[in-house]
Amino acid sequence: FFAAVGGTFALSYLDEEVYEFFLRNHSRAADKLADLGVEYGEPRTVVILTGGVYVVGLVAQNEWLRESAVILTGALLPAGLIQTAAKITAGRARPHLGFGHDSFEPFRREEAYYSFVSGHTMVAMATSHVFAKRIDNTVAKVGLYTLGALAGTSRMYNEDHWLSDVVLGSALAIASVNNVAKLVAGDERKDLKTGLQWRVQPYGRGALVSLEW
């Protein structure tokens, strides 16, 4: 966590430079790619995808599909809460306002001040990372991560986020997916002080959270 925050802080010095780069490189083809990237990171897209994957897994009795849907849902819920709290608390101005990358107005509840952290990037990268981790195919992995990266790039291209917003959104997504994937896979998480062990796994038509002493 601290490494991700430290790395994001260091990359923030490149925010303005990357912003200027995208301003200089707009084109019709890039506009279409940006639309694709933004759509991939839309919350409605992941809701439809996750629901569809779970239903297909349920009907086909495919545990792999059901587990994938559970991991994605379990990862996005806490990551989404953190991202929402961060954007409201930070109140970072979006690039298109023209105030610069270091303009913050905490608790300024306006969409234009919700730059930090990138939610679209978080959603897209979480989706890509879940399936890339579980598919043993290099081409598929490259394609999935390319889609995830395209979402963040598109948000910068559209002047909605700074580079540091996108990087931290990606790190948040990957960390959340990795943690939930361990639980769903049955890796026990043990608290050395209390001896508690818990796991998450598909069960019936939903998910089962079990706690053992």
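See the structure above.
Residues numbered from 1 in each chain as written. Predicted model: local features only at pLDDT ≥ 70, side-chain atom pairs only at ≥ 80, totals over all residues. Heavy atoms only, no water.

Some details on unusual backbone geometry
Phase 1: Here the amide bond leading from Phe116 into Val117 is cis, since omega sits at 10 degrees, within 30 degrees of zero.
Phase 2: Its location among the elements puts Val117 in the loop between helix 5 (63-90) and helix 6 (119-134).
Phase 3: Not every positive phi belongs to a glycine, and Gln61 is a case in point at roughly 55 degrees.
Phase 4: With respect to the secondary-structure elements, Gln61 resides in the loop between helix 4 (43-59) and helix 5.
Phase 5: Positive phi is not limited to glycine here, since Glu159 has a value of about 65 degrees.
Phase 6: Considering the arrangement of structural elements, one finds Glu159 in the loop between helix 7 (138-157) and helix 8 (163-184). (Helix = DSSP H or I, 4+ residues; strand = E, 2+ residues; numbered from the N terminus.)

Considering the packing of helix 4 against helix 6
Phase 1: At a minimum axis distance of 11 Å, the contact between helix 4 and helix 6 shows a crossing angle of 25 degrees. With respect to helix 6, the element helix 4 is oriented roughly parallel. Considering the relative orientation of helix 4 and helix 6, their crossing is left-handed. Residue-level inspection shows Val46, Leu49 and Val53 of helix 4 in contact with helix 6, the latter providing Val123, Thr127 and Phe131.
Phase 2: Across the contact of helix 4 with helix 6, the residue classes tally to five nonpolar, one polar and no charged. (Axes fitted to C-alpha atoms, helices over the stretch in contact; angles between N-to-C directions. Parallel < 35°, antiparallel > 145°, perpendicular 65-115°, else oblique. Left-handed = near helix turned anticlockwise from the far one by under 90°. Contact = heavy atoms within 4.5 Å. Nonpolar A, V, L, I, M, F, W, Y, C, P; charged D, E, K, R; others polar.)

Some details on the packing of aromatic side chains
Phase 1: Considering all chains together, one arrives at four aromatic pairs under this definition.
Phase 2: Taken together through their ring pairs, the aromatic side chains of Phe21, Phe22 and Tyr157 make up a single cluster. (Phe/Tyr/Trp six-rings, centres within 6.5 Å; stacked < 30°, edge-to-face > 60°.)

Topic: the nonpolar core
Phase 1: Of all hydrophobic cores here, the largest spans 28 residues; its most connected members are Ile71, Leu72, Leu76 and Met122.
Phase 2: Among the elements of the structure, helix 4, helix 5, helix 6, helix 7 and helix 8 are those that each provide at least two residues to this core.
Phase 3: Contact partners of Met122, with chain neighbours within four places excluded, come to Leu76, Ala79, Gly80, Gln83, Gly169, Leu172 and Ala173.
Phase 4: Within the second largest apolar cluster, eight residues are counted, among which are Val18, Met156, Tyr157 and Val166. (Core = buried A, V, L, I, M, F, W, Y, C linked by side-chain atoms within 4.5 Å. Buried < 20%, exposed > 50% of the residue type's maximum accessible area, 1.4 Å probe, protein only.)

A look at the pattern of salt bridges
Phase 1: What the rule picks out here adds up to 10 salt bridges.
Phase 2: Residue Arg44 pairs with Glu42 through a salt bridge whose shortest N-O separation is 3.8 Å.
Phase 3: When its relative accessible area of 18% is taken as the criterion, Glu42 is described as buried.
Phase 4: Residue Arg108 pairs with Glu105 through a salt bridge whose shortest N-O separation is 2.5 Å. (Salt bridge = Lys/Arg side-chain N within 4 Å of Asp/Glu carboxyl O.)

Concerning helix 6
Phase 1: Taking 1.5 Å per residue, 16 residues should reach 22 Å; helix 6 reaches 23 Å between its end C-alpha atoms and fits that length.
Phase 2: Counting buried residues in helix 6 gives 14 out of 16 residues, a clear majority hidden from the surface. (Expected span 1.5 Å × (residues − 1).)

Some thoughts on helix 2 (residues 15-24)
Phase 1: Those residues of helix 2 that fall on the buried side of the exposure criterion are Asp15, Val18, Tyr19 and Phe22. Looking straight down helix 2, one finds that the buried residues subtend no more than 105 degrees of arc, so they occupy a single side. Among the exposed residues of helix 2, those pointing more than 90 degrees away from its buried face are Glu17 and Arg24. (Arc of directions from axis to C-beta.)

Looking at the environment of Tyr114
Phase 1: Inspection of the secondary structure assignment puts Tyr114 in the loop between helix 5 and helix 6.
Phase 2: Here the alpha-carbon distance between Tyr114 and Ile88, two residues 26 residues apart in the chain, equals 6.5 Å.
Phase 3: Contact partners of Tyr114, with chain neighbours within four places excluded, come to Lys87, Ile88, Arg92, Arg94, Arg108, Arg109 and His161.

Everything listed here is a matter of coordinates, which is why it stays silent on function.
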